[in-house]
Structures are given as structure tokens and as C-alpha cells.
Amino acid sequence: AAAVLHVASASFLDLETPLSLEFGMMLGFQQLAASVKAAAPACLGRVLRFHKRRDLESRFLADLPWNHQQVVDGILASFCKEAASYVDSSVQHAAAEAIYVSVHQGHGRISALLAASLKQRALQSTEPHTRVAGVHALAHVVEGVPALEGAWRALASHLADPDEAVCRTASGHFGGRAPLVCSNSGIVVPLLQQLLCEGGKDGKQLQQHSRACVVETAACIASSGDSFSGPTRDSLAAVAMLALKDEAVEVRIPAFQLLQNLGSPEPAGARDALLDQLHDNGLSCLSACHALTSMVQPGDAAVVSRVSKLLCVFQGTPPERAEIAGCLRHLARIGGDRTATDAFLRLLQDYSDDSSCRVAALGGLESVAFAGDSGVRTQLLELVSSCPPDTDPQTLIAAVATLKKVCHIGDMEVAAVLVDLLVADTSATKPTLLTEIVGALVELCAPGDPAILAQIAKRLSSGSWPVRHAVLKAIRALALPNEVLPAVQVCLRDPHPDVRECAVETLAAVCQPGDRQALAALESLLEEDQPLHVEITIQEALETLSGDMVNSSVGVAPALTVPPRRLAETTSMGSSFQLVDSASMCSMPTMAAATNQSSFQMADGASQCSVPVRQASNRSESSFELVDAVVSAA
């Protein structure tokens, strides 16, 4: 302790500090002998001098961690009581703070001396609160100087402390310093394995709380995101396998998390050990399922069979049962798994009154059911057609998605049920559900199916405005261009402006440019008073459907045509372009070996240009005109 205090004080004092002898004499020593008892208070005197300095704030840490006082208490507990008894408590506290700062700044010698002193005194105390303070101080040492293997060993050994508070404190420091622990995993992980295998100092098995803390620490290390390999991964897997054999569920639960964090490839024997845990109906079997999903590749028949049986007999809460269903979905063979499909169908039938189980079962069926599965189709068709108005939308979304997966194209019975669901108020106010239904109809129905469109169009004249809005979106997705105008024309005069806007957008999205009937309908609608957002939508639709010709009120000067020049070689091509203001013009003649002709006109105010172009091959004509930044072509 005297050496620790001496080094700590020397590292923080400059040469102008008065000699230790003077301060020792001020503390009551008339004669100093070369002994530990005399040297300790002399060094403490120098620390006291440092403690009284006015610039202490600039030398000490500005932001102290939450456990600063506990760390200082641990350092104080490491002092030699015989030497420290010669000085006042304030002097001892000053020395502890000096050591604290020195360790924080990474002073290796001081950190090593403090670790040795902690192991000899504070951590051997019979008082649990003193050992807790010692663990805090030891964690401060490994953070300041991570290379001290002895400090890591001492900290890990306190995971085996008989007092749970001491054990949890040590485990908390390992968890709170995960990146630091991972960088020293080659030291820490073998210590954890040794503790779990050999027990504490006396060779006895660790107490339950200590075993749980050891496994929790290993799981925390494995969750750091680093990819462990070689001896470190083997040691972590060995810790998990040992913990899975423990009778206490508090020890097995973190073992499942440890295996889940290790992920694939699965450690030797882990798959079978986890399957053996599925006999329990408690939390451990649920954790085992999650561990299996992270290690086992999808489609493992033995694993799918065991988890499917568990799903049928599990006695936990509905949310826990839904979690197991989610695990089965990830473990089953995607695109067709008969065993998992039967388990999901039974779950849907037995727990149809629970929303979480319904959604989990439907999601599983969407993932693992075979296309064309008549049993799944029948049960889902009954579910959708008989669902009450207050059915949660997540159930309906999952059911529609599954029907889209298992039904064949042209299944009009399912399509009719989906149309009825589409026009219900429940769908109209749920955009996600609406999108799923429209997507299913597009998948199952041929474009322009008159029967489906007729059923949908009937809803345009009745129902609430969100229903009419939803029907228009369905028509946009299903109708052919020549069928859109008759279907949506009634909605162009709808009382609700959002429905009128959607009708205009539908025409613009589906009708071909130049459709005279659509243009006439929109121009007529524009003449009426419309809200601003509807008027803007109509103008944008007119621009989209009017093709390349836009009338302009700007006067255009007569065009000046520049005749093309023939090039010397028929295979070559030339062009020129000139842009000028006002009454200027530009030309871009291009010519190959034939009689095609096109013209380009640009007018800005009184200026205009014309470009004839000749190309090879068939005779055709086209023109392009740009007027006042408005582009048009014909």
C-alpha cells in the first residue's frame, strides 16, 4: 500500500512540491525511519499537499462515472490499515482519488499495484459491501489498463462469490464493458469455462446465482457482434452445453441466449441438446425454439416435426404460442412443408378467437403452404367470408396474402369474396389492407375481367366516400384502357372532392394519350368550379392525355426553313445547332440516303427555328415544337 501511495503521489506532483520530510514532520513525525510505517504517512503528506492545490479541478476528472465513490471506497479498502492508521481520513481519501485518476489515465505500474492490493485486502474482506466496492475498483483497473491479465482473472473470480450482490456487480461490469471484454475474450472466456467446470476456489459447485451470472456473462460476450472462431467459440459453446444440463431454469435461459448469439454453424451436439429442452411447457422451451432458428438451416425435418408437436401441445400464453409459431415459420421449408402446414391449420382452428395466434398461423401458412392447397383455401375462404366487421386488419391482411399464395388464377369464388371485402368500410379505411386486396385481385383475375369489374363498379354509386375511393383504385389496377372511362365517369361528378380527384388520376394513369372521350370529359370538368387540388390534378391529367400538341396563345413568327445539305458520303451524318434570342433562328440539318423528313420548331417571343432532317429507309414525317418552355410534338 505504501508503494502504491508513493507512486500515485509522485505521478501527480511536480518538482516544486516541498519534500516529503517536511510534510511528514507536519503530520507529527519528528524523526522518519526507513520503514513502511514511516514512509506511508510521508507519501500521504505529499498527496495532502496535492489535494490542497487550487488548480485541483483542472487535474481531476470533470465528469465522474456513476460509481466513482464506490471505486474510491474500494481503493480505500485496499490500503494497509496499519500504515493508513497514522493519517487523517481526509488524507486517505485524497490518496485514493489520486490513485483513481492515475489508473484512469492508464498508469500501468499503479494499476498493477492497486490490483494486487485489492486482491489481497478488499476482495478478501468478510463484509459483502466491502467486496462490492473492491469489484468496482477492480473494474476501474481493467478499464484503465485492459492488458492486466491478473485484474481480469480477479474480476472473473468474483462471479463465484457466495454473496449474490457481489456476483451480480461483477457480472454487470462485464456486461457494461462488452467491447472491452470482447477484445480480451481470449483471457476471459476460458476463465468462465473453468469456473463452470471446476467451481470456485474450494472446488465446490458454484451456487445457482453464480452459475447464472457466468452464463449471462458468456452470452453478453457472444452478443457483441464479433464473429468468434477457434478456441474462443469452442469455450463459449462449452459453457452453453454445460448450462443446458443444469436443473435450474435460471441457468438454462441464458444458455439458450448464448447459443442464439453464437448462431450458425451450430456447435457439436447443440441441436440435439436443444430438442431435448422442448419437453418443457415453460419459458425454457420457447427460448430453445429461438436458439434453434438461429442455428438450424430451414427444412430440417426432425426439428420441424418436434416444433410442430410443441405448437400443438404448448400450454403457455397466446403471445408465447404465437412466438413458437413464428419460430416454426423460420424453421420450415419455404414454399411447401406439409408438417408445418398442418400445425398452422390446427393452430388457426383451435385458437381462432386470439388475434396474435391467428396472425401467426396465417403468416406461417403464407410462407410454407403449397400453391393450390385446397385445405388451406377452404379454411381461409371461410375465415374471410364470415369475419365480423370488427375483425382486426392484421388478420385480414394475412388471410388475403395467403389466399393469393394458394389460389389459382381465375378462382372466381375467391375473387368474389375479395371484392366484397374490398368494398367494406373496414377495407376502405385501412390502406394496407386495401393494397393487399387489390394486389390479390390483380394476381387472381385476368385484366379487364367483365364479371369482376361489374361487381366492383356497382359500388361506385353507393357506400361511403372512402369505399368509392377504394373502388376507383381497384378499377385502376384491373380495368383495360377502353373500360376505364365508362366505369369511372360517374365519379367525375362525385360529391366528395377526393373521389373526383382519384377518378381524374385513374383516367390519366390508364387511358392512352389522345383519348378524345377522356379529354372531353376532363375539359368539361375543368369548366366547373373545383377545389384547388382537384383543378391541379385535372390540368396535369390534360397535359398527360393531350399527347404532344398543346395550344399556345403566344404569337409565333413564320418559320424559316433551312434546306438540308447533302453530304459527300451517304454513310456520314452532319448536324449543326445555333441558339439566338429575339428574331434569330437555328438550324440542324441531318441527312442520310433517303427521303424521311422531320421538322423541329422552337419559338420564344418572336423567334423561331425549323430543322429539316433526312434519314434513310421508309418515308415518314414527324414534327416537334417548343413554345415558351412548353413542349409539344405531333
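Residues numbered from 1 in each chain as written. Predicted model: local features only at pLDDT ≥ 70, side-chain atom pairs only at ≥ 80, totals over all residues. Heavy atoms only, no water.

1. Some thoughts on the overall build of the protein chain
When its secondary structure is counted, the protein chain shows 33 helices and five strands. Per-residue burial for the protein chain yields a buried fraction of 47% across its 634 residues. Considering only intrachain contacts with a sequence separation of at least 6, the fraction spanning at least 24 residues in the protein chain is 66%. Looking at the protein chain as shown, the accessible area adds up to about 30500 Å², and 52% of this sits on carbon and sulfur atoms. (Helix = DSSP H or I, 4+ residues; strand = E, 2+ residues; numbered from the N terminus. Buried < 20%, exposed > 50% of the residue type's maximum accessible area, 1.4 Å probe, protein only. Contact = heavy atoms within 4.5 Å. Areas by Shrake-Rupley, 256 points an atom, 1.4 Å probe, with all protein chains shown as cover.)

2. Structural notes on the pattern of salt bridges
According to the stated counting rule, one finds 16 salt bridges in the structure shown. Arg271 serves as the salt-bridge partner of Asp272, at 3.1 Å between the closest nitrogen and oxygen. With its nearest N and O atoms 2.9 Å apart, the salt bridge here joins Arg493 to Glu528. You can see Arg493 sitting in the loop between helix 30 (481-488) and helix 31 (497-510) and its partner Glu528 sitting in the loop between helix 32 (516-526) and helix 33 (532-545), a full 35 residues away along the chain. A relative accessible area of 42% places Arg493 in the partly exposed class. Given a relative accessible area of 34%, Glu528 falls into the partly exposed group. Each of Glu164, Arg168 and Glu216 takes part in a single network of salt bridges with overlapping partners. (Salt bridge = Lys/Arg side-chain N within 4 Å of Asp/Glu carboxyl O.)

3. Re the state of the cysteines
In protein chemistry, a disulfide is the covalent bond that joins the sulfur atoms of two cysteines. In the structure shown here, the tally under the stated rule is zero disulfides. Cys167 takes part in no disulfide bond, and the closest cysteine sulfur to it belongs to Cys213, at a distance of 3.3 Å. (Disulfide = S-S within 2.5 Å.)

4. Some words on unusual backbone geometry
Cis geometry marks the peptide bond from Ser264 to Pro265; its omega dihedral reads 5 degrees. Position of Pro265 among the secondary structure elements: in the loop between helix 16 (249-262) and helix 17 (270-275).

5. What to know about the environment of Gly134
Structurally, the position occupied by Gly134 is in helix 9 (residues 128-144). The buried category is assigned to Gly134, whose relative accessible area is 0%. Distance in space between the C-alpha atoms of Gly134 and Ala77 is 7.3 Å, their sequence separation being 57 residues.

6. Description of the packing of helix 24 (residues 393-406) against helix 27 (residues 431-444)
Relative orientation of the contacting elements helix 24 and helix 27 amounts to 15 degrees, with a least axis distance of 9 Å. If you check the angle between helix 24 and helix 27, you find them roughly parallel. In terms of crossing hand, the pair formed by helix 24 and helix 27 is left-handed. Contacts between helix 24 and helix 27 involve Leu396, Ile397, Val400, Ala401 and Lys404 on the former and, on the latter, Thr432, Leu433, Glu436, Ile437, Gly439, Ala440 and Glu443. (Axes fitted to C-alpha atoms, helices over the stretch in contact; angles between N-to-C directions. Parallel < 35°, antiparallel > 145°, perpendicular 65-115°, else oblique. Left-handed = near helix turned anticlockwise from the far one by under 90°.)

7. A word on the packing of aromatic side chains
Applying the stated criterion across every chain, the model contains one aromatic pair. Between Arg321 and the ring centre of Tyr351, over which it is positioned, the NZ or CZ distance is 3.8 Å. (Phe/Tyr/Trp six-rings, centres within 6.5 Å; stacked < 30°, edge-to-face > 60°. Lys NZ or Arg CZ within 6 Å of the ring centre and 35° of its normal.)

8. Some remarks on the side chain of His140
With respect to the helices and strands, the residue His140 is situated in helix 9. A relative accessible area of 7% means that His140 is categorised as buried. A distance of 3.1 Å separates a polar atom in the side chain of His140 from the backbone oxygen of Tyr100. His140 has contacts with Val71, Tyr100, Val103 and His104, leaving out every residue within four places of it along the chain. (Polar contact = N/O pair within 3.5 Å; in protein donor to acceptor, adjacent residues only side chain to side chain.)

9. Quick notes on the environment of Leu206
One can find Leu206 in the loop between helix 13 (185-198) and helix 14 (208-222). The exposure class assigned to Leu206 is buried, which follows from its relative accessible area of 6%. A C-alpha to C-alpha distance of 9.1 Å links Leu206 and Leu159, two positions 47 residues apart in sequence.

10. Re empty space enclosed by the protein
Rolled over the atoms, a probe sized like a water molecule indicates the empty space that remains. Per the counting criterion, the structure on display carries one cavity of 30 Å³ or more. Taken as a whole, the largest cavity spans an internal volume of roughly 40 Å³. Looking at the largest cavity, the residues that line it are Leu311, Cys312, Ala343, Arg346, Leu347, Asp350 and Tyr351. Put simply, the parts of the chain that give the lining of the largest cavity at least two residues each are helix 19 (301-313) and helix 21 (338-350). At four residues, the largest contribution of residues to the lining of the largest cavity is made by helix 21. Across the lining of the largest cavity, the residue classes tally to five nonpolar, no polar and two charged. (1 Å grid on protein atoms, 1.4 Å probe; cavity = no way out; pocket = protein on both sides within 12 Å on 5 of 7 lines; lining within 4 Å. Points joined across faces, edges and corners; volume = space filled by probe spheres on them. Nonpolar A, V, L, I, M, F, W, Y, C, P; charged D, E, K, R; others polar.)

11. Points about the environment of Thr293
Mapped onto the elements, Thr293 comes out in helix 18 (residues 283-295). For the pair formed by Thr293 and Arg329, sequence separation is 36 residues and the distance between their alpha carbons is 9.3 Å. Other than its neighbours up to four places away in sequence, Thr293 contacts Cys327, His330 and Leu331. Among the polar contacts listed, one links the side chain of Thr293 to the backbone oxygen of His290, at a separation of 2.5 Å.

12. Structural notes on the packing of helix 18 against helix 20 (residues 318-331)
As a packed pair, helix 18 and helix 20 sit with axes 9 Å apart at the nearest point and diverge in direction by 20 degrees. On the basis of their axis angle, the class for helix 18 and helix 20 is roughly parallel. Two packed elements cross with a definite hand, and for helix 18 against helix 20 that hand is left-handed. Residues Leu286, Cys289, His290, Leu292 and Thr293 of helix 18 form the contact with helix 20, whose own contacting residues are Glu320, Glu323, Ile324, Cys327, His330 and Leu331. Considering only residue class, the contact of helix 18 with helix 20 consists of six nonpolar, three polar and two charged.

13. Comments concerning helix 9
Between the first and last C-alpha of helix 9 there are 24 Å, a value that for 17 residues agrees with the 24 Å anticipated at 1.5 Å per step. A large share of helix 9 lies buried, amounting to 13 of its 17 residues. (Expected span 1.5 Å × (residues − 1).)

14. Observations regarding the side chain of Thr232
Summarising the element assignment, Thr232 is placed in helix 15 (residues 231-244). Setting aside its immediate chain neighbours within four residues, Thr232 contacts Ser185, Gly186 and Val189.

15. Quick word on the confidence of the model for the protein chain
Across the protein chain, the average pLDDT comes to 74, with 71% of residues at 70 or higher. Note on residues 7-42: pLDDT is under 50 here. Beyond four places in sequence and across chains, it has 49 contacts. Note that residues 45-59 has pLDDT below 50 and, in this model, 28 contacts with residues that lie over four places away or in other chains. (pLDDT = per-residue confidence, 0-100.)

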